[in-house]
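Topology and contacts: notes
Listed here are the chains, written in short residue letters.
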Amino acid sequence: MLHDIAVGVDGSPAGLAAAHWAAREAGRRGTGLRIVHAWHRHPRPAPDVPLDRTEHQWAEQVLREAAAAVRAAHPGLRITERLVCDATVAALIATAAETDLLVLGSLGLGAVGGFVTGSVSQRVVARSPKPVVLVRAGRGEAGEHLPAVDGIAPEEIPETPFRPVVLGLDIGHPCDELVEFAFDAAHRRGTGLRVVHAFRVPNRPAFDPAETAAPAVAEPAPGPEAPAAQEGAVAAVLRPWREKYPTVRVTETVSEGRATVALVRAARHAGLLVVGRRASAHRLGAHTGPVAHAALHHVACPVAVVPHD
């Protein structure tokens, strides 16, 4: 049975952008969409609640308006609404456990040049048992597609080819769920998949481009066998997935350096970035990991974080 996609809304532009992205994804997958809004009572009403509303009434209005906007833009899509009285993080994690994909909104650029990822989104991403996609505020349907030629009408945007999907691959911990998510996303969009793998040469000191001086002791450059071995390992991981998805055009980028830098660079013109997160056995110790953390704060396109063992 096909499971619904869920999206958490909170009345913000970022939440509404996430809801529309989730609706388009549900259409691509042929599933329904569950729109969720969590609220809980405070000793004093939250500052964003109008004086003529109770917290419950305001929560109902937030959910109702988001659902109405999505229904108007996506007629025919099966949409259900759920209002949950619970802590936001707990409610969203429980929702994720019941669906195949959870979508959340993320704010725009912050004062220091990175995207602002709220504490709720970060905690949900770190603890969700299912993939979570974060969508930036203001991210619309046009952003998923390649630039349109002059004169194209807005209603023709869906016919414009999709931007590629980018997958961050760690061959030291290959994960079927992660790779399949990326291939499936590219397949449903009829677009290409760019697989990015960055490696570090063992015992070679990291060099920060911001430093003014090179390391005191120069290490010998790696021989050609290093990148060749990495390329062979990447090809081996992808081989069964190429066979399963023969129509997906795959390009592989293998480079020496930091994975975070390589992924942020590769995702500049992507429609979706897919990265993994090592699932933690300790609930309180859950975290996103450095690669996913960098992606959530420095990549403009939607970012899918897929948990794996």
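So, a few notes on the structure that sits alongside this text. What you see is a predicted model, and the numbers here were worked out from it, not measured in a lab.

Reading the values: rules and limits
- Residues numbered from 1 in each chain as written.
- Predicted model: local features only at pLDDT ≥ 70, side-chain atom pairs only at ≥ 80, totals over all residues.
- Heavy atoms only, no water.
- Salt bridge = Lys/Arg side-chain N within 4 Å of Asp/Glu carboxyl O.
- Helix = DSSP H or I, 4+ residues; strand = E, 2+ residues; numbered from the N terminus.
- Buried < 20%, exposed > 50% of the residue type's maximum accessible area, 1.4 Å probe, protein only.
- Core = buried A, V, L, I, M, F, W, Y, C linked by side-chain atoms within 4.5 Å.
- Expected span 1.5 Å × (residues − 1).
- Pairing = 2+ DSSP bridges.
- Right-handed = clockwise from strand over helix to strand, strands pointing away.
- Polar contact = N/O pair within 3.5 Å; in protein donor to acceptor, adjacent residues only side chain to side chain.
- Axes fitted to C-alpha atoms, helices over the stretch in contact; angles between N-to-C directions.
- Parallel < 35°, antiparallel > 145°, perpendicular 65-115°, else oblique.
- Contact = heavy atoms within 4.5 Å.
- Nonpolar A, V, L, I, M, F, W, Y, C, P; charged D, E, K, R; others polar.

Bringing the pattern of salt bridges into the picture now. What the rule picks out here adds up to twelve salt bridges. Of the charged contacts in the structure, one is a salt bridge between D4 and R78, with a shortest N-O distance of 2.8 Å. One end of the pair, D4, is in the segment before strand 1 (5-8); the other, R78, is in the loop between helix 2 (55-73) and strand 3 (79-85), and 74 residues separate them in sequence. Of the residues examined, R78 reaches a relative accessible area of 46% and is grouped as partly exposed. Put simply, R82 and E98 hold a salt bridge, and the shortest N to O gap is 2.9 Å. Of this pair, R82 sits in strand 3 while E98 is found in helix 3 (residues 88-98), placing the two residues 16 residues apart along the sequence. One connected set of salt bridges, linked through shared partners, spans R24, E25, R28, R29, E144 and R189.

Our next topic: the nonpolar core. Counting residues in each nonpolar core, the largest one holds 49 residues, and the members touching the most others are L33, I35, V103, F183, L193 and V274. In this structure, A96, L134, L273 and A292 belong to the second largest nonpolar core, which totals 28 residues.

Bringing helix 1 (residues 13-29) into the picture now. When the terminal C-alpha atoms of helix 1 are compared, their 24 Å separation across 17 residues agrees well with the 24 Å that a helix rising 1.5 Å per residue should span. Backbone geometry just downstream of helix 1 places G30 in the positive-phi region, at approximately 70°.

Now for the pairing of strand 7 (residues 193-199). Within strand 7, six of the seven residues are buried, leaving the element largely enclosed by the surrounding structure. Where strand 6 (residues 165-168) meets strand 7, four bridges bridge the pair, whose relative direction is parallel. Bridge pairing in strand 7 links L167 to V195. For the crossover that starts at strand 6, traverses helix 5 (residues 176-189) and ends in the parallel strand 7, the hand is right-handed.

Attention shifts here to the side chain of S121. For S121, the location among the structural elements is in helix 4 (residues 119-127). S121 sits in the buried class, given a relative accessible area of 9%. Within polar-contact distance, the side chain of S121 engages the backbone oxygen of G105 at 3.5 Å.

As for its placement among the helices and strands, P174 is situated in the loop between strand 6 and helix 5. Measuring from C-alpha to C-alpha, the distance between P174 and D309 comes to 9.7 Å, with 135 residues separating the pair along the chain.

Helix packing for two helices is described by the angle between their axes and how far apart those axes are. Interhelical geometry of helix 1 versus helix 5 gives an angle of 85° and a closest axis separation of 10 Å. It follows that helix 1 is roughly perpendicular to helix 5 by the angle criterion. Between helix 1 and helix 5, the residues in contact are W21, E25, R28 and R29 and F181, R188 and R189, respectively. For the contact of helix 1 with helix 5, the class distribution of residues is two nonpolar, no polar and five charged.

To continue, consider helix 8 (residues 290-298). Listed in full, the buried residues belonging to helix 8 are A292, A294, A295, L296 and H297. Elements that come into contact with the buried residues of helix 8 comprise helix 4, strand 5 (132-136), helix 7 (259-266), strand 9 (272-278) and strand 10 (303-308).

In terms of burial, strand 9 is a largely internal element, five of the seven residues being buried. Sheet topology note: the strand 9/strand 10 ladder contains six bridges and is parallel. Bridge pairing in strand 10 links R278 to H308.

Read from one edge to the other, the open sheet built from ten strands follows the order 3-2-1-4-5-10-9-6-7-8, with strand pairing classed as mixed. Both edges of this open sheet fall to strand 3 and strand 8 (250-256), since each of them pairs with a single strand only. Each neighbouring strand pair of the sheet contributes to a mean axis angle of 25°, computed without reference to strand direction. Here strand 4 (residues 101-106) pairs with strand 5 via five bridges, running parallel. Bridging from a neighbouring strand, L104 pairs with L134 of strand 5. Against the sheet, helix 3 makes contact with strand 1, strand 2 (33-39), strand 3 and strand 4, and its axis sits at roughly 160° relative to strand 2, the strand it touches most.

With that settled, the discussion passes to the side chain of T95. Tracing the backbone shows T95 in helix 3. Taking the relative accessible area as the measure of exposure, T95 reaches 2% and is therefore buried. When sequence neighbours within four positions are dropped, the list of residues in contact with T95 reads A6, R34, V36 and L102.

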